Amino acid sequence: MQSTISDEQRTFRPISTLPPALASSALGGPFEGEAEVRGVVPAWLRGRLIRAAPAIFEFDNWQARHWFDALGMLYSFDIGTDGRVHWMQRLVECQFNRAVLHGHDELGSFGTRNHRGLFQRLLHPIPHSTDNANVNIRPEGRYWIAMTETERQLTIDPDSLKTAAEVDFTDALPKRLLATAHPHDDSERKELVNIGLVYGARSALIVFSQAYGSTTRREIGRVPLRRVPYVHSFAITRTKIVLILAPYDLKPSSLLWSKRSISEHYRWSPENGTRIVVMDRGSGRCTEHQGPAFFFFHTVNAFDLDQGAIRLELLAYADASIIQQGMLMSHIRRDGLPSLTPNLRRITIDPNRSGYRMETIGSAVGFEFPTIHYARANGRPHRYVWGSDLSRLIRLDTMTDEAIHRSLDGFTFGEPVFVAHPEAIEEDDGVILTVGSSSATQGSEMTIWDARTLDILAQITVPIVIPLGFHGGFESR
């Protein structure tokens, strides 16, 4: 991919009406270098942060209609043993990006129509899925795995950010299983847990596990579906899997031979309410619980209570307008970045009741991209959650509702990443890493914050514009 950029530069036209936070230098470079470090990087913080982001929203005659559909990029900050930081950026090397850069857009994407001809639509009633892995990336042994919300995942070399291969699953699960980009890592069982949607005459949501280092997935259970909901994430406890099915869904048959994007088939139907399905991790048996309608992207955590009950925390929107309108590029060009300020909701699920109880936590503050001390607290009771409303970093104590927030003048940043101190005793003993772009300069910054106080420990600046991204991770060394 990188070797063809100079030829393709001639047709690249930046969109001046985009917010500065979505600008990118992933086509023009520079592509790597040494960062400037101000402050003190903690001596114990050594490793690599890698993140994914939608980066190129327009190229030649092609435009992304939805935020989710821009050509993806990967970027990294590598903190060495000497405290120096090396940065790198690269467009994702994938079929979708290559096709767009060479004047073709025949793969399906979430909110942007492709230009398949009649014969192609007759041959393939539903377009082939995109491999534009711009949503998340996580470490897996020697390589990292880049993901979007389809069945296609990419193996990435973390030293170069180049694509090594597409993941080839070796199991009996459906080949077109649209998996989330938010698998859960269960270190005790040494496995990943994820869910995927399968469309067809017997549409279903399938829950599966995958042993570390294996490409074989084991089905835990499935939920039959008449209408297929949009599901971005889910939660697990030590014994259960918690699936949240908001009434933003589609009828699978409407996709056949359609020229419209997938998002244009979804409908918001609040009269149907939001269903929560709780699946036993051992048997796959389910209970279903019905409640008022809400939309969500991200869960925070879930854990078991006494007598089979479950506590679930997630970030809820009143409706699906955030994904239906707020993330359309036409709205972003006109109105700026959407307001990512859902409420943190605490939901209690009693296995003997058909409904669930829901309350708001920390009602004075709204944020997105929640993170916790994952290795210690995921699937167990927790106290602290960190997030971002794009202009502020937020730390919320869920026991006291006390919120702390900090901002950087002129900077927009997304998901905070919590890195625990290697000898941590307390849940919030560690640092928070954020990456943001400046509206005043052609630069970006990785900021290291004290997780407890949100005081800035170090600011690591690079001479490139990094677009506001979605998810990624840190691997210590």
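Above this text you will find the structure in question.
Bear in mind the structure is a predicted one, so any value in this text is a computation, not a measurement.

Caption draft 1: Here's a closer look at the pattern of salt bridges. One pass over the structure, following the stated rule, counts 28 salt bridges. Put simply, Arg 138 and Glu 140 hold a salt bridge, and the shortest N to O gap is 2.9 Å. The closest approach of N and O atoms between Asp 350 and Arg 353, which form a salt bridge, is 3.7 Å. On the basis of relative accessibility, which here comes to 27%, the residue Asp 350 falls in the partly exposed class. The structure contains a network of salt bridges with shared partners spanning Arg 48, Asp 78, Arg 142, Asp 157, Asp 159 and Arg 477.

Caption draft 2: Region of interest: the packing of aromatic side chains. Counted by the stated rule, this structure contains 20 aromatic pairs. Ring geometry for Trp 67 against Phe 470: centres 5.3 Å apart, planes inclined by 55°, an arrangement best described as tilted. Placement of Trp 67 in the loop between β5 (62–63) and β6 (71–79) and of Phe 470 in the loop between β36 (456–462) and β37 (472–476) is noted, with a sequence separation of 403 residues between them. No difference in accessibility class separates Trp 67 from Phe 470, as the two residues are buried. The interplanar angle of 40° and the centroid separation of 6.4 Å between the aromatic rings of Tyr 384 and Trp 386 together place this pair among those described as tilted. A network of ring pairs unites the aromatic residues Trp 67, Phe 68, Phe 110, Tyr 230, Tyr 248, Tyr 266, Phe 295, Phe 297, Tyr 317 and Phe 470 as a single cluster. Its guanidinium or amino end placed over the ring of Tyr 143, Arg 142 lies 4.9 Å from that ring's centre, counting from NZ or CZ. Above the ring of Phe 208, the side-chain terminus of Arg 217 is found at 5.5 Å from the ring centroid.

Caption draft 3: Examining the environment of Arg 222 more closely. Topologically, Arg 222 is positioned in strand β16 (residues 217–224). In this structure Arg 222 comes out as partly exposed when scored by relative accessible area, which is 39%. Through-space distance from the C-alpha of Arg 222 to that of Leu 337 is 36 Å; in sequence the pair is 115 residues apart. Setting aside anything within four residues of it in sequence, one finds Arg 222 in contact with Ala 204, Leu 205, Ile 206 and Met 279. Only 2.8 Å separates the side chain of Arg 222 from the side chain of Glu 219, close enough to count as a polar contact.

Caption draft 4: Layout of the side chain of Ser 444. Position of Ser 444 relative to the elements: it lies in strand β35 (residues 444–450). Of the polar contacts made by the side chain of Ser 444, one reaches the backbone oxygen of Ile 464; its length is 2.8 Å. Filtering out sequence-adjacent residues up to four positions away, Ser 444 remains in contact with Phe 411, Gly 436, Ser 437, Ile 460, Thr 461, Val 462, Ile 464, Val 465 and Ile 466.

About the criteria used
Residues numbered from 1 in each chain as written. Predicted model: local features only at pLDDT ≥ 70, side-chain atom pairs only at ≥ 80, totals over all residues. Heavy atoms only, no water. Salt bridge = Lys/Arg side-chain N within 4 Å of Asp/Glu carboxyl O. Buried < 20%, exposed > 50% of the residue type's maximum accessible area, 1.4 Å probe, protein only. Phe/Tyr/Trp six-rings, centres within 6.5 Å; stacked < 30°, edge-to-face > 60°. Helix = DSSP H or I, 4+ residues; strand = E, 2+ residues; numbered from the N terminus. Lys NZ or Arg CZ within 6 Å of the ring centre and 35° of its normal. Contact = heavy atoms within 4.5 Å. Polar contact = N/O pair within 3.5 Å; in protein donor to acceptor, adjacent residues only side chain to side chain.

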